[in-house]
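Coordinate analysis (summary)
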Amino acid sequence: MRETDLSGALLTWYDRHAREMPWRVGPAERRAGLRPDPYRVWLSEVMLQQTTVAAVRDYFERFTTRWPTVSDLAAAEDADVMGEWAGLGYYARARNLLKCARAVVAEHGGTFPDTRAGLLSLPGIGPYTAGAIASIAFDRAEVVVDGNVERVMARLHDVHTPLPAAKPELTALAEALTPVDRPGDYAQAVMDLGATICTPRNPACGICPWRDPCAARVAGTAPELPKKTPKKPKPTRLGIAYVARRADGAWLLERRPDKGLLGGMLGWPGSDWGAAPQEAPPLQADWQTLGAEALHTFTHFHLRLTVRIAHLPEGANPERGTFLPPAAFRPSDLPTVMRKAFDLARPALETP
């Protein structure tokens, strides 16, 4: 089957089965003349990196309600944006989000560039995101390849080279299928196909619009593709978190440096994270160790946080951190690992 026939069959399927998403302009709306908002497309693409549509929906709705335009986001306080982002992970994305929004306003008058090259000039936008925005928001014929598309291409063409080595080949195959007509709809269609039909386990080949030309279905290899190079086991690091509450109810917190893991996020004073963390209390106090650890997994390692707690007097003077009164402290502003430490410490610190 020719590339144009494959693309056409997928678009016909997409016209009937496109997923509804808060950032998406569906095929019927596009035909009626409605065009996607580049701000919403960009925001969704950044949020969707390394996570799922289900995890992103509520965050997207909160962000766009609070900051409905890129100019609104550019004018936001850093701490407010980091707080709204808490829980989504990969916090460098939130810092880059602000840098990009401010660059769009300062350098482009609040209007996103409409080409891949122009988008690549913005902070925090890499090749995938630039291609996705150019395609979806501006209908540019750019190749868009995420994990779903890699899986679809590997199966459609029965590619057995393991990832990540197969990325260039799979990208070239995806590019060959990208049509000049409706490239934005096509990019979303092939991602939808991978998310709903050509799933990692138990692909629904019987209802797939590419069932007949799929080489892996014919060969019986679809369930095992794409192949992946085995990952090395993640190491485990140890750390200490010091969770303290003052007699007036204020919590002792600190904002982490902008660079590094959890950069710019609110958290508990703590030690380094490694094989043998050194004690680093923010002040002298009667620190008590909880019987449970806060456990969390990052991209490259597992973390086990020992949680130490203390009740502090009114005049406590820490060397690190700042006291936040109860009215100014939202546990939801904490990144997930710090929220886990808080959840462990809270019962003991809410009673004298």
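Our structure's up above, just so we're on the same page.
Heads up: these notes are all about the structure in this document. In this convention, every chain numbers its residues from 1, walking through the sequence in written order. Only residues with pLDDT of at least 70 get local features here, since the model is predicted, and only at 80 or more are side-chain atom pairs given and counted; chain-wide, interface and lining totals rely on the full set of residues. Side-chain metrics rest on all non-hydrogen atoms present in the structure, leaving aside hydrogens and water.

Description of the overall build of the protein
Selection criterion: Segments assigned H or I by DSSP are reported as helices when at least four residues long, segments assigned E as strands when at least two residues long, and all are numbered from the N terminus. Note on areas: these come from Shrake-Rupley sampling with a 1.4 Å probe, and a residue is covered only by the protein chains present in the view. This count recognises Lys and Arg as positive and Asp and Glu as negative, with His and chain-terminal groups excluded. Every charge is mapped to an atom, namely NZ of Lys, CZ of Arg, CG of Asp or CD of Glu.
Along the protein, the regular secondary structure elements total 14 helices and six strands. The dimensions of the protein, computed from C-alpha atoms along their principal axes, are 75 × 45 × 30 Å. Just so you have it, the protein exposes about 17000 Å², and 52% of that area is on carbon and sulfur atoms. Averaged over its 42 positive side-chain charges, the protein has a centre that lies 4 Å from the centre of its 40 negative ones.

Focus: the environment of Phe 112
We count it as follows: Throughout, exposure labels follow a simple rule: accessible area from a 1.4 Å probe, protein chains only, divided by the maximum for the residue type, with under 20% read as buried, over 50% as exposed, and the rest as partly exposed. Here a residue-residue contact requires only that any non-hydrogen atoms of the pair lie within 4.5 Å.
Here Phe 112 is to be found in the loop between helix 7 (92–108) and helix 8 (116–120). Judged by its relative accessible area of 6%, Phe 112 is buried. Sequence separation between Phe 112 and Arg 201 is 89 residues, and the spatial gap between their C-alpha atoms is 38 Å. With sequence-adjacent residues up to four places away left out, Phe 112 is seen in contact with Pro 38, Tyr 39, Trp 42, Val 70, Cys 100, Val 104, Leu 119, Leu 122 and Phe 138.

Comments concerning the packing of aromatic side chains
Quick reminder of the rule: The aromatic pairing rule takes the rings of Phe, Tyr and Trp, using the six-membered ring of Trp, and pairs them if the centres are within 6.5 Å, calling planes under 30 degrees apart stacked, those over 60 edge-to-face and the rest tilted. Comment: the charge-over-ring label is applied if NZ (Lys) or CZ (Arg) is within 6 Å of the ring centre and within 35 degrees of the ring normal.
The tally for this structure, following the rule as stated, stands at 15 aromatic pairs. With centroids separated by 5.2 Å and ring planes inclined at 75°, the aromatic side chains of Trp 23 and Phe 60 adopt a geometry described as edge-to-face. With a gap of 37 residues between them, Trp 23 in the loop between helix 1 (3–17) and helix 2 (27–31) and Phe 60 in helix 4 (residues 53–66) connect regions that are remote in the sequence. With a relative accessible area of 9%, Trp 23 lands in the buried category. Members of the aromatic cluster, each reached through a chain of ring pairs, are Trp 251, Trp 268, Phe 329 and Phe 342. We note Arg 62 situated over the ring of Tyr 59; from NZ or CZ to the ring centre the distance is 4.6 Å. A cation over a ring is seen here: Arg 256 above Trp 273, with NZ or CZ 5.0 Å from the ring centre.

Concerning the environment of Arg 201
Here Arg 201 is to be found in the loop between helix 12 (183–196) and helix 13 (215–219). Taking relative accessible area as the criterion, Arg 201 reaches 73% and is therefore assigned exposed. Remark: the alpha-carbon pair of Arg 201 and Glu 224, spanning 23 residues in sequence, is separated by 8.7 Å.

Focus on the nonpolar core
Nonpolar side chains in soluble globular proteins tend to end up buried together. This is how it is decided: Residues belong to one nonpolar core when they are buried, are Ala, Val, Leu, Ile, Met, Phe, Trp, Tyr or Cys, and are joined through side-chain atoms within 4.5 Å.
Ranked by internal contacts, the top residues of the largest apolar core, which has 98 residues, are Trp 42, Met 153, Trp 210 and Trp 268. If near-sequence neighbours (up to four positions away) are discounted, Met 153 is found in contact with Asp 158, Val 159, Leu 170, Leu 173, Ala 174, Leu 177, Tyr 186, Val 190 and Trp 210. In this structure, Ala 250, Leu 252, Leu 283 and Ala 316 belong to the second largest nonpolar core, which totals 11 residues.

Comments concerning helix 14 (residues 336–349)
So the rule is basically this: By this rule the span expected of a helix is its residue count minus one, scaled by 1.5 Å.
If you check helix 14, its first and last C-alpha atoms are 19 Å apart, about what 14 residues at 1.5 Å a residue would give, namely 20 Å. Along helix 14, the residues classified as buried are Val 337, Met 338, Ala 341, Phe 342, Ala 345 and Leu 349. Contact partners of the buried residues in helix 14: strand 1 (236–246), strand 2 (251–255), strand 3 (266–267), strand 4 (288–297) and strand 5 (302–312).

Some points on the pairing of strand 5
Here is the rule: Think of it this way: DSSP has to see at least two bridges between two strands before they count as a pair.
The pairing of strand 1 with strand 5 spans 11 bridges and is classified as parallel. Note that in strand 5 the partner of Ala 244 across the bridge is Ala 310. The pairing of strand 4 with strand 5 spans seven bridges and is classified as antiparallel. Note that in strand 5 the partner of Gln 288 across the bridge is Ile 309. Here strand 4 folds back onto strand 5 in antiparallel fashion, the turn holding four residues.

With respect to the pattern of salt bridges
The line we're drawing: By salt bridge we mean one thing: a side-chain nitrogen of Lys or Arg within 4 Å of a carboxyl oxygen of Asp or Glu.
Across all of its chains, the model carries 22 salt bridges by this definition. In this structure, Arg 66 and Glu 84 form a salt bridge, with 2.8 Å as the shortest nitrogen-oxygen distance. Linking Arg 66 in helix 4 with Glu 84 in helix 6 (residues 78–85), this pair joins segments that are 18 residues apart in sequence. Residue Arg 66 is classed as partly exposed on the basis of its relative accessible area of 36%.

Structural notes on the state of the cysteines
For clarity, the cut-off: Pairs of cysteine sulfur atoms within 2.5 Å are identified as disulfides in what follows.
Across all of its chains, the model carries zero disulfides by this definition. No disulfide involves Cys 205; its sulfur sits 6.1 Å from that of Cys 214, the nearest cysteine.

Here's the deal with the side chain of Arg 30
Threshold: Two N or O atoms form a polar contact when they lie within 3.5 Å of each other; inside protein one atom must be a possible hydrogen donor and the other a possible acceptor, and for residues adjacent in sequence the pair counts only when both atoms belong to side chains.
Looking at where Arg 30 falls in the secondary structure, it is placed in helix 2. A residue is classified by how much of its surface remains accessible, and Arg 30, at 8% relative accessible area, is buried. A polar side-chain atom of Arg 30 sits 3.1 Å from a polar atom in the side chain of Asp 185. If near-sequence neighbours (up to four positions away) are discounted, Arg 30 is found in contact with Val 25, Arg 35, Pro 36, Ile 136, Asp 139, Gly 184, Asp 185 and Gln 188.

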